[in-house]
Amino acid sequence: MTQNIQPSVTTHMAHDWLSAHSAWGSTMVPDVEAIIHSINRGDQDAVQLHLLTYNTQYADCFFTESQQRKKQQKLEQFRQNKVRLSADSDSDSDLDEPDLLLRQRLAAALLGFISGPLQPPVLYLCLQTLRILSRDHRGLQPLVSHGALLTLAQLANLSCHGGFEPALDSTDGQRWGNAGHVTLATAQDGDGCRREAIKVLCNVIYNSPQAQETASALRLLHAVWRSVRRGMRSVAASSGRFYELRLLFLLTALRPELRLQLQQERGVSVLTQALEQSLEVRRREGFVVVSESSGVRLSMEASREVIEILKTLFNVCHKLSQEEPDEEDAAQYRHLAAVLRHCLLCSCEEEHVLEEVQGHAANVLSVLPLTCLDVLLSGPQRATHHWEGVDMDAVHSLLLLMERRLGTGQKLKEKLTPVLNLLTESCRVHRETRRYLRQQILPPLRDVSTRPEQDCSLRGQLVRLMTHVDTDVKHCAAELLFVLCKENVSRFVKYTGYGNAAGLLAMRGLLRGGRTSGPRPAQYSSDSDSDTEEYREAKSRINLVTGRVEAEQPDPMEGMTEEEKEEEACRLMAMIDRLSRVQIIQPMSVTADGGLAPLWAGREEEEEGMVLLTQGRKDSEIE
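The rules behind these values
- All chains use their own residue numbering, which begins from 1 and follows the written sequence.
- Given that this is a predicted model, residues contribute local features only at a pLDDT of at least 70 and side-chain atom pairs are listed and counted only at 80 or more, while totals for whole chains, interfaces and linings are drawn from all residues.
- The side-chain quantities take in all heavy atoms of the structure and omit both hydrogens and water.
- Numbered from the N terminus, helices here are DSSP runs of H or I no shorter than four residues, and strands are runs of E no shorter than two.
- The cut-offs for exposure are 20% and 50% of the maximum accessible area for each residue type, with area from a 1.4 Å probe on protein chains only; residues under the lower value are buried, those over the upper are exposed, and the others partly exposed.
- Contacts are residue-level and defined by heavy atoms, with any inter-residue pair within 4.5 Å sufficient.
- In this description, accessible areas are obtained by the Shrake-Rupley approach with a 1.4 Å probe, and a residue is regarded as covered only by the protein chains that are shown.
- Nonpolar side chains (Val, Leu, Ile, Met, Phe, Trp, Tyr) are joined into patches within 5 Å and like charges within 9 Å, using only residues with over 30% relative accessible area and no salt bridge.
- Salt bridges, as used here, are contacts in which a Lys or Arg side-chain nitrogen is within 4 Å of a carboxyl oxygen on Asp or Glu.
- We treat Lys and Arg as the positive residues and Asp and Glu as the negative residues; His and chain ends play no part in the count.
- Think of each charge as sitting on NZ of Lys, CZ of Arg, CG of Asp or CD of Glu.
- Aromatic rings from Phe, Tyr and Trp, with only the six-membered ring used for Trp, were paired whenever their centres fell within 6.5 Å, and each pair was classed as stacked if the ring planes differed by under 30 degrees, edge-to-face if by over 60, and tilted otherwise.
- A ring is scored as having a charge over it whenever the NZ atom of a lysine or the CZ atom of an arginine sits within 6 Å of its centre and within 35 degrees of its normal.
- Throughout this description, the term nonpolar core refers to a set of buried Ala, Val, Leu, Ile, Met, Phe, Trp, Tyr and Cys residues connected via side-chain atoms within 4.5 Å.
- Orientation is described by axes fitted as lines to C-alpha atoms, over the contacting stretch for helices, and by angles from 0 to 180 degrees between their N-to-C directions.
- The cut-offs work like this: below 35 degrees is roughly parallel, past 145 is roughly antiparallel, 65 to 115 is roughly perpendicular, and the gaps in between are oblique.
- Handedness of each helix crossing follows the sense of rotation of the near helix against the far helix: counterclockwise by less than a right angle gives left-handed, clockwise gives right-handed.
- Classification used: nonpolar for Ala, Val, Leu, Ile, Met, Phe, Trp, Tyr, Cys and Pro, charged for Asp, Glu, Lys and Arg, polar for all others including Gly.
- One less than the residue count of a helix, multiplied by 1.5 Å, gives the span that helix is expected to have.

Moving on, we get to the overall build of the protein chain. Looking only at helices and strands, one finds 26 helices and 10 strands in the protein chain. Buried residues in the protein chain amount to 47% of all 623 residues. Across the protein chain, the fraction of contacts at a sequence separation of at least 24, relative to all contacts at a separation of at least 6, is 73%. If you sum the accessible surface of the protein chain, you get close to 31700 Å²; carbon and sulfur atoms cover 50% of it.

Have a look at this one:
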């Protein structure tokens, strides 16, 4: 997540550093002991040259990945030689312990070094090195203490310990540390160092539960929150805004109590304003949001900010769907839903970024109260897709998002289930949404020669998910199709086949037919399901279990006598009984209320009663 953050170097710094780098040579292996020695002597010029080499060498290195490569090399060597070099040659300590201790010593030395007065390029390089070191969760011990996090927070212009005094802006030209001060030549220098300090904080908090607890105790969330709000009021955009938003997301994702704190700090309202600012949109009458600059794609920088805000909003709002909002909160959530609708319809510079924006917008929409989702259908009048006079652009965008993620087949539980849930609940509360999606996903049947799960259409893809190994994915796909069928069992079986539908029907207690009576029973209109001419002609020949017309099969009992048929039935029952006794299968039967129960349970009770009755008769005869 945060380990991929790359440095941003100011122009005048880059010129000096590249000149020095050409003198040292790009292939030189950095000497960590020499770096530590230079730090202890306070020789900033030597530290600068050493760290430039170190940072260039390890710019794209993740030490845990390096350790895995070493373990793989040891394993390959063992396979070739068939001899283990030592008792624990593949252990973490044997492979990486000396390097790990050196990195820990380097991190501890750098933390003390950046607390004193340093030249801006040296400070930047020190923070860049700490960011590289903070990628390895095993070497974070020097970076997780109160003092270390306070030092990094101060360099990031974040005032911790609940102190809400104004922190110095980068334009002030100075930064005060724990044991001295650092003079920053320009605002650009200050921005670069500030960004690197926030990146280090992101990595440390992401990789260390101890750092997460310390950050909570230091009230780091409040410091970041104040900085975000201050940046929203600033005319000049802050170059570190994205990293502040990333840190805000990490804190709310990893510490549940901080989500509640942010919610109490009017988090939803302020984050909605931040989202509008990054999207460059303004609110019009009602709950309609329009762009201030038409036809302009969302820049990469703005897209990254939008994604972080959406992720934080999800953390803060994830329990809102379980609550009944009052009038003021409902208005706020509707406003947020209108902005999220714009996220679904906006355009970005790159396609994969747009899908990520839309995916996170769908995640937030899926946790908002259902009564606030009507805003999705109340857009401008120039809708491209509509149904019965209602704007369906946002719903169509969600449908395309679902289709793309169905096509990839990757991380279905993480990426697909929120979209499926959102579409399902929208269909329950909005008739127009259900009718539009039904036409797109479950059009009237014409070809009944193919099994539903073998169809290449959207219906076929969703039906295939109804037997997925992941229970959540299976349930969400079945639930959407069931709602599109207005929770009518016969219609559901018609479009999916009884074999695919049995799982959901058994869970709902609907194996005997009827309608669901769940916690939120939807009110559906009484319109009937119209059949095509092709379906009516083939209806009598459709196998309800498979959902298609099957070829006629010869009778397997043709030519058998009644005695042979009875023997075959007894043999089959004996095999089922044997498999059930060793618990390979569990025969079930449909109960009176439409649920499932073990087939033999009632029969065993009857047999036990018969035994007791027979025993009672024998006892009376003896007396």
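From this point, things continue past the structure.
Unlike most non-glycine residues, E280 shows phi in positive territory, near 60°. As for its position among the elements, E280 is in the loop between α13 (267–279) and β3 (281–283). The exposure class of E280 is partly exposed, given its relative accessible area of 44%. Located in the positive-phi region is K411, a residue other than glycine, with phi close to 50°. Inspection of the secondary structure puts K411 in the loop between α17 (393–408) and α18 (412–429).

A word on a negative patch on the surface. Together, E323, D326, E327, E328 and D329 give the surface a local cluster of negative charge. Along the polypeptide, D326 turns up in the loop between α14 (300–317) and α15 (327–345).

The subject of this paragraph is the packing of aromatic side chains. Under the counting rule described, the total for this entry stands at 4 aromatic pairs. Measuring from centroid to centroid gives 5.0 Å for F242 and Y243, while their planes differ by 75°, and the two rings are edge-to-face. Among the residues examined, F242 registers a relative accessible area of 8% and is labelled buried. The ring centre of F242 lies 3.9 Å from the NZ or CZ of R304, which sits over that ring. Above the plane of the ring of F249 lies K311, whose end atom (NZ or CZ) is 4.3 Å from the centre.

Before going further, it helps to spend a moment on the nonpolar core. If you look at soluble globular proteins, the nonpolar side chains tend to sit buried side by side. Among the nonpolar cores identified, the biggest contains 156 residues, and I114, L220, L247, L275, M402, I441 and L505 are the most heavily contacted of them. In terms of residue count, the dominant contributor to this core is helix α21 (residues 471–484) (9 residues). Setting aside residues up to four positions removed in sequence, M402 forms contacts with L416, V419, L420, L423, I441, L458, L462 and L480.

With that settled, consider the packing of helix α16 (residues 351–367) against α18. Packing of α16 against α18 brings their axes to within 9 Å, and their N-to-C directions diverge by 50°. Regarding the angle of α16 to α18, the classification is oblique. Every pair of crossing elements has a handedness; the one defined by α16 and α18 is left-handed. Counted together, A362, N363, L365 and S366 of α16 and P418, V419 and L422 of α18 form the full contact between these two elements. Class assignment of the residues belonging to the contact of α16 with α18 gives a composition of 5 nonpolar, 2 polar and no charged.

When the terminal C-alpha atoms of helix α25 (residues 562–581) are compared, their 29 Å separation across 20 residues agrees well with the 28 Å that a helix rising 1.5 Å per residue should span. Phi for Q583, located one or two positions after α25, is positive at around 60°.

We now examine a nonpolar patch on the surface. A contiguous nonpolar surface patch, about 350 Å² in accessible area, is contributed by L579, V582, I584 and I585. Summarising the element assignment, V582 is placed in the loop between α25 and β9 (588–590).

The next thing to look at is the pattern of salt bridges. Throughout the structure, instances matching the rule amount to 30 salt bridges. R404 is the partner of E355 in a salt bridge, and the nearest nitrogen-oxygen pair spans 3.5 Å. Here E355 is found in helix α16, whereas its partner R404 is found in helix α17, with 49 residues between them in sequence. By relative accessible area, R404 is classed as partly exposed at 27%. Of the charged contacts in the structure, one is a salt bridge between D531 and K494, with a shortest N-O distance of 2.4 Å. Within this pair, whereas D531 is found in the loop between α23 (498–508) and α24 (533–538), its partner K494 is found in helix α22 (residues 489–496), the two being separated by 37 residues in sequence. According to the relative accessible area criterion, D531 is partly exposed, its value standing at 23%.

A word on the packing of α21 against α23. The geometry of α21 relative to α23 is characterised by a closest axis approach of 10 Å and an angle of 85° between their N-to-C directions. In terms of orientation, α21 and α23 fall into the roughly perpendicular class. Contact residues: α21 offers H475, A478, E479 and F482, while α23 offers L504, L505, M507 and R508. In the contact of α21 with α23, the residues fall into 5 nonpolar, 1 polar and 2 charged.

To continue, consider the environment of L480. Considering the arrangement of structural elements, one finds L480 in helix α21. Measuring from C-alpha to C-alpha, the distance between L480 and T424 comes to 4.9 Å, with 56 residues separating the pair along the chain. With residues up to four places along the chain from it excluded, the contact list for L480 reads M402, L420, L423, T424, I441 and L462.

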